[in-house]
Amino acid sequence: MTSRIHAAHTICTGCSEKIFLDELVSGRCPLCGYSLEEDEMALAGLDSTTEYSDLAWLVFNYFLFRKFYKLGADPIGIMKLISRFEETASLDEQELEEMNYNFEVPITPIGRVLPKRCSHCSRIFFRGGKKIISGNLKDRGFSRRFVCSGCDSR
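Because the structure is a prediction, the values reported are computed rather than measured.

A. The environment of Lys138, seen in detail. Looking at the secondary structure, you find Lys138 in the loop between strand 6 (130-136) and strand 7 (142-147). What makes Lys138 partly exposed here is its relative accessible area of 44%. Each C-alpha atom of the pair Lys138 and Met99 lies 7.2 Å from the other, and the pair is 39 residues apart in sequence.

B. Fine view of the sheet that holds strand 6. Ordered in space as 3-6-7, the three strands form an open sheet in which the pairing is antiparallel. Each having just a single partner strand, strand 3 (100-105) and strand 7 make up the two edges of the open sheet. Taking each pair of neighbouring strands and ignoring which way they run, the sheet shows an average axis angle of 25°. As paired elements, strand 3 and strand 6 share six bridges and run antiparallel to each other. Each residue of the ladder has a partner; that of Asn102, found in strand 6, is Ser134.

C. Focus on the side chain of Lys116. Its place among the elements puts Lys116 in strand 4 (residues 116-117). Look at Lys116 and you get buried, because its relative accessible area is 4%. For Lys116, the side chain forms a polar contact with the main-chain oxygen of Phe126, separated by 3.1 Å. In this structure, Lys116 is in contact with Ile107, Gly111, Arg123, Ile124, Phe125, Phe126 and Phe146, ignoring residues within four places of it in sequence.

D. Fine view of the nonpolar core. Residues Leu64, Phe68, Ala73, Ile78, Leu81, Ile82, Phe85, Met99, Tyr101, Phe103, Val105 and Ile133 constitute the largest nonpolar core, which totals 12 residues. At the level of secondary structure, the elements contributing two or more residues to this core comprise helix 2 (52-71), helix 3 (75-87) and strand 3. Looking at this core, the element that brings in the most residues is helix 3, giving four residues. If you look at the next biggest cluster of nonpolar residues, it comprises six residues, including Phe125, Val147, Cys148 and Cys151.

E. Structural context of the pattern of salt bridges. All told, the structure shown has one salt bridge when counted by the stated rule. Of the charged contacts, one joins Glu104 and Lys130 as a salt bridge, the two residues approaching to 3.7 Å between their closest N and O atoms. With a gap of 26 residues between them, Glu104 in strand 3 and Lys130 in strand 6 connect regions that are remote in the sequence.

F. Here's a closer look at the environment of Pro106. One can find Pro106 in the loop between strand 3 and helix 5 (109-113). For the pair Pro106 and Gly72, spaced 34 residues apart in the sequence, the C-alpha separation amounts to 6.2 Å. Contacts of Pro106, omitting those with residues within four sequence positions, involve Leu71, Gly72 and Lys131.

About the thresholds
- Residues numbered from 1 in each chain as written.
- Predicted model: local features only at pLDDT ≥ 70, side-chain atom pairs only at ≥ 80, totals over all residues.
- Heavy atoms only, no water.
- Helix = DSSP H or I, 4+ residues; strand = E, 2+ residues; numbered from the N terminus.
- Buried < 20%, exposed > 50% of the residue type's maximum accessible area, 1.4 Å probe, protein only.
- Pairing = 2+ DSSP bridges.
- Axes fitted to C-alpha atoms, helices over the stretch in contact; angles between N-to-C directions.
- Polar contact = N/O pair within 3.5 Å; in protein donor to acceptor, adjacent residues only side chain to side chain.
- Contact = heavy atoms within 4.5 Å.
- Core = buried A, V, L, I, M, F, W, Y, C linked by side-chain atoms within 4.5 Å.
- Salt bridge = Lys/Arg side-chain N within 4 Å of Asp/Glu carboxyl O.

Here you go:
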């Protein structure tokens, strides 16, 4: 909260509320929609090309990134998935079904002591190997599978 106190702000003449300049949407008040473009000094250096649809994409990308990052996926791999999804977002339903993903994630400390079954050779193993999450962006869930060290080296 202390960093927000000294941030650039103004009072909207439409709704008389305090508005921070980084909250403006295309130069308009986010509460009432009143245009604040008359005060050019306050908007100096502010990129006013952000639209509501851009904000929706930013929020979607943030939560998608956060979901996979909490699972332990590689950040660069997540960004590649997001950019691939943005490129195909305007495509039809059939092409969106191909938005599959596979991420190698670390095994949790509890998961290291529990027995795991290899998805390739069906062997039960306790140590080594890797955990892979896979799914489709169209579906809500994902599947977990384990690969033992012997199948991993192939």
